[in-house]
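Close look at the chain arrangement
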Amino acid sequence: MQTLDEGMVAAPAKRSVLRLLLLPLVILAGMGLSVEAGLLGPLGEQVGHLWATLSIFGVGSAILFLLLLFAGPQKGPALTELPRWQLIGGFLGPIYVVVLTLATPHIGIAMTMIAILSGQVGKSVLIDHFGWFGATRKKVNGERWLALGLIVVALVLIARG
Amino acid sequence: MGLVILLAVVVLAGAVLSVQAAINGRLGETVGVLRSSLLTFAVGALVTGLLIVFFEPAQAVSLLEVPKWQLTGALFGVVYMMVMVGAVPVVGTAVATVAVIVGQLGMGMLIDNFGWLGNPAIGLSSSRMLAMGCLAVALVFMYRSTRQAQ
């Protein structure tokens, strides 16, 4: 799972050979996300969408728990000391995965990914413009509206097949 | 019409995903990526489990009966997370995001086109290629406007 909003914040990066070596690895990681979605669709059709979703979160939890055990003590406050609203992420994750299993058999993986990206871009542009969810209202420049328009065109193209 | 509704649902899921990422990003800063991810996955598993108990109709095939390779999806998610944690500080978030999207869409097109992993094969039509092109240009605009804002 990845998101566009933070990603679009251009960060100054070190120039080194390491960058070139890491780039293919990052592309491979992105390919892995599509493989994950590609596995989910057919799995959901066979065992049910919620079961397929459970396989992702169940196996993921188990692996992360093991990694955490072997990673040793962690810095920062204990999870129980955090504000409760920060746990909402766990409720939102399954929505995304269930939708993936529902959509990929019908519109394919590439088009599902485009629609997901559209949601991310659209959300950031609209929230900034209208100041939804208590966000500070920012002026959205022409280029971002153009981006949103292009994305709507892409969605129309997908819908037409 | 069904397709339009489905598309709308997927677009909404994308919006939900970026809300989730924003919450998790703040969580990750305070407790570390491993713990914030575990928390997200564990809560996700519990929520899904509850939904299954109360809403899921009985299925003919169980998770334990399908071929094991079909259950490896989570591995790709975890590997992705670890690669990003390692790579983003070196290559920068912008480059990393573009690289991920390139990999995602490239692989997505390959799986669709050849029907890999048991997916229905969907040929690369001209309208699908146009959609890709629109998205690519949109990403360029997003990237430029974000750079200007800084």
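Per chain, the residues get numbers from 1 upward, laid out in the order the sequence is written. Chains carry letters from A onward and ligands carry numbers from 1 onward, assigned in written order. The predicted origin of the model limits local features to residues at a pLDDT of at least 70 and limits the giving and counting of side-chain atom pairs to 80 or more, whereas totals for whole chains, interfaces and linings rest on all residues. Only hydrogens and water are set aside; all other atoms, that is, all heavy atoms of the structure, feed into the side-chain values.

Let us now look at the interface of chain A and chain B. On the chain B side, the residues contacting the 108 residues of chain A number 103 residues. Between chain A and chain B, a total of about 10,000 Å² is buried, with carbon and sulfur atoms accounting for 77% of that surface. Under the rule applied, a polar contact is a pair of N or O atoms within 3.5 Å (in protein, one hydrogen donor and one hydrogen acceptor; residues adjacent in sequence only if both atoms are side-chain atoms). Scanning the region where chain A abuts chain B turns up twelve residue pairs in polar contact (both at pLDDT 80 or more). With 21 residues, helix α2 (residues 17-47) of chain A is the single largest residue contributor to the side of chain A that touches chain B. Only Asp, Glu, Lys and Arg are considered charged in this grouping, and only Ala, Val, Leu, Ile, Met, Phe, Trp, Tyr, Cys and Pro are considered nonpolar; every other residue, Gly among them, is considered polar. Tallied by class, residues from the side of chain A that touches chain B come to 69 nonpolar, 30 polar and nine charged. Contact criterion: two residues are considered in contact whenever any of their non-hydrogen atoms come within 4.5 Å of each other. Defined in terms of a 1.4 Å probe, buried area is the accessible area two parts forfeit on being brought together, summed over both. Only DSSP runs of H or I with at least four residues qualify as helices, and only runs of E with at least two residues qualify as strands; both kinds are numbered from the N terminus onward.

With that out of the way, let us pick up empty space enclosed by the protein. Definitions used for this entry: grid spacing 1 Å over protein atoms alone; cavity, a set of points where a 1.4 Å probe fits but cannot get out; pocket, an open set with protein on both sides within 12 Å along at least 5 of 7 lines; lining residue, one with an atom within 4 Å of a point. Grid points are joined across faces, edges and corners, and a volume is the space filled by probe spheres set on the points. Using the criterion set out here, one finds three cavities of 30 Å³ or more in the structure. Its boundaries defined by the atoms lining it, the second largest cavity holds a volume of some 40 Å³. Looking at the lining of the second largest cavity, the elements that each hand over two or more residues are α2 and α3 (49-71) of chain A together with α3 (73-91) of chain B. Tallying contributions element by element places α2(A) first for the lining of the second largest cavity, with four residues.

So, about the side chain of D112(B). Here D112(B) is to be found in helix α4 (residues 93-114). Note on D112(B): relative accessible area 2%, which makes it buried. Residues in contact with D112(B), not counting those within four places in the same chain, are G108(A), I109(A), A110(A), M111(A), P120(B), A121(B), I122(B) and R128(B). Accessibility here uses a 1.4 Å probe with only protein chains present; expressed as a share of the type maximum, an area under 20% marks a residue as buried, one over 50% as exposed, and anything in between as partly exposed.

To continue, consider the nonpolar core. Counting residues in hydrophobic clusters, the biggest one holds 63 residues, and the most contacted among them are M111(A) and I114(A). Residues within four places of M111(A) in sequence aside, it is in contact with I158(A), D112(B), R128(B), A131(B) and M132(B). Throughout this description, the term nonpolar core refers to a set of buried Ala, Val, Leu, Ile, Met, Phe, Trp, Tyr and Cys residues connected via side-chain atoms within 4.5 Å.

Turning to α2(A), a few remarks are in order. One less than the number of residues in a helix, times 1.5 Å, gives the span that helix is expected to have. With 31 residues, α2(A) extends 45 Å from end C-alpha to end C-alpha; this agrees with the ideal 45 Å at 1.5 Å per step. Looking one or two residues past α2(A), G48(A) carries a phi angle of roughly 105°, positive in sign.

Now for the confidence of the model for chain A. Residues and elements named next belong to chain A. Values of pLDDT, which run from 0 to 100, indicate the predictor's confidence residue by residue. Per-residue pLDDT for chain A averages 83, and the proportion of residues at 70 or more is 87%. Looking across chain A, the model is least confident in helix α1 (residues 4-7), with a mean pLDDT of 56, and most confident in α3, with 93. Here residues 10-14 scores under 50 on pLDDT; set against residues more than four positions off or in separate chains, the count is twelve contacts.

Another point: the pattern of salt bridges. All names here are of chain B. Salt bridges, as used here, are contacts in which a Lys or Arg side-chain nitrogen is within 4 Å of a carboxyl oxygen on Asp or Glu. Counting across every chain of the model gives one salt bridge over all chains. Linking R128 and D112 is a salt bridge whose minimum nitrogen-to-oxygen distance equals 2.9 Å. Pair noted here: R128 is in helix α5 (residues 126-149) and D112 is in helix α4, with a separation of 16 residues, a long-range link. Like R128, the residue D112 is buried in the burial classification.

Before going further, it helps to examine a nonpolar patch on the surface. Residues and elements named next belong to chain B. Residues L50, L51, V53, F54 and F55 make up a contiguous nonpolar surface patch of about 580 Å² in total accessible area. With respect to the helices and strands, the residue L51 is situated in helix α2 (residues 33-55). For L51, a relative accessible area of 32% gives the class partly exposed. Nonpolar side chains (Val, Leu, Ile, Met, Phe, Trp, Tyr) are joined into patches within 5 Å and like charges within 9 Å, using only residues with over 30% relative accessible area and no salt bridge. For the area figures, the Shrake-Rupley method with a 1.4 Å probe applies, and any residue is considered shielded solely by the protein chains shown.

Note on method: axes are straight lines fitted to C-alpha atoms, helices fitted across the in-contact stretch only, with angles between N-to-C directions ranging 0 to 180 degrees. Running from N to C, helix α4 (residues 89-107) of chain A and helix α1 (residues 2-31) of chain B point in directions that differ by 150°, and their axes come no closer than 9 Å. In terms of axis orientation, α4(A) runs roughly antiparallel to α1(B). As for the relative orientation of α4(A) and α1(B), their crossing is left-handed in sense. From α4(A), G89(A), L92(A), G93(A), I95(A), Y96(A), V99(A), A103(A), H106(A) and I107(A) reach across to α1(B), where they touch L3(B), L6(B), L7(B), V9(B), V10(B), A13(B), V16(B), L17(B), V19(B), Q20(B), I23(B) and N24(B). By residue class, the composition of the contact of α4(A) with α1(B) is 16 nonpolar, five polar and no charged. An angle below 35 degrees is read as roughly parallel, one above 145 as roughly antiparallel, one from 65 to 115 as roughly perpendicular, and any other as oblique. With the far helix as reference, a near helix turned anticlockwise by less than a right angle produces a left-handed crossing, and one turned clockwise produces a right-handed crossing.

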